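# Coordinate analysis (summary)
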Amino acid sequence: MGEKIATRGAFGKAIVELAEQYPELVVLDADLSGATMTKEFSKTYPDRFFNMGIAEANMVGVAAGLATCGKKPFAATFAMFAAGRAFEQVRNSVAYPHLNVKVVGSHGGLSVGEDGATH
């Protein structure tokens, strides 16, 4: 067996490896690249990384638009914000038209410690 790492660490590593094979892969992040571990992707592929700020609904809308243009977007944020803030955009802009957008939610537990109760 390999070494144990956090799922967010595995995601961060895997997304960089996938980008080598898929030049259409892009990553959008809600100003959480240190927590979601997309920071390595942003360093390796800065032209394919979009920090959307604290605006998850907008991030999903942009991801949907990118998908209609042939990109393969991964939209990363904390799970609470992906589910709570971006629900309508995921439903209406991604799910209904069957777009190839991956919504990645990290920190899905009841508490994320020092990041605060709202997260």
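So, here is what we can say about the structure in this document. (Residues numbered from 1 in each chain as written. Predicted model: local features only at pLDDT ≥ 70, side-chain atom pairs only at ≥ 80, totals over all residues. Heavy atoms only, no water.)

## Thoughts on the packing of aromatic side chains
Scanning all chains against the criterion turns up 2 aromatic pairs. Relative to Phe81, the ring of Phe78 has its centre 6.1 Å away and its plane inclined at 20 degrees; by these criteria the two rings are stacked. The class of Phe78 is buried, set by a relative accessible area of 1%. On the accessibility criterion, Phe81 (10% relative accessible area) is buried. Taking the ring centre of Tyr45 as reference, the NZ or CZ of Arg48 above it sits at 4.5 Å. Over the ring of Phe81 we find Arg85; its NZ or CZ atom is 4.2 Å from the centre of that ring. (Phe/Tyr/Trp six-rings, centres within 6.5 Å; stacked < 30°, edge-to-face > 60°. Buried < 20%, exposed > 50% of the residue type's maximum accessible area, 1.4 Å probe, protein only. Lys NZ or Arg CZ within 6 Å of the ring centre and 35° of its normal.)

## Side note on helix α1 (residues 7-21)
A rise of 1.5 Å per residue sets the reference length of α1, with its 15 residues, at 21 Å; its end C-alpha atoms lie 21 Å apart and thus fit the reference within 8%. Along α1, the residues classified as buried are Phe11, Gly12, Ile15, Val16 and Ala19. Seen from one end, α1 has its buried residues packed into an arc of 130 degrees, which puts them on one side. Exposed residues on α1 whose side chains face more than 90 degrees from its buried face are Thr7, Lys13, Glu20 and Gln21. Packing partners of the buried residues in α1 comprise β1 (25-29), α2 (33-36), α3 (39-44), β3 (72-78) and β4 (102-106). (Helix = DSSP H or I, 4+ residues; strand = E, 2+ residues; numbered from the N terminus. Expected span 1.5 Å × (residues − 1). Arc of directions from axis to C-beta. Contact = heavy atoms within 4.5 Å.)

Nothing here speaks to function; it is all geometry.
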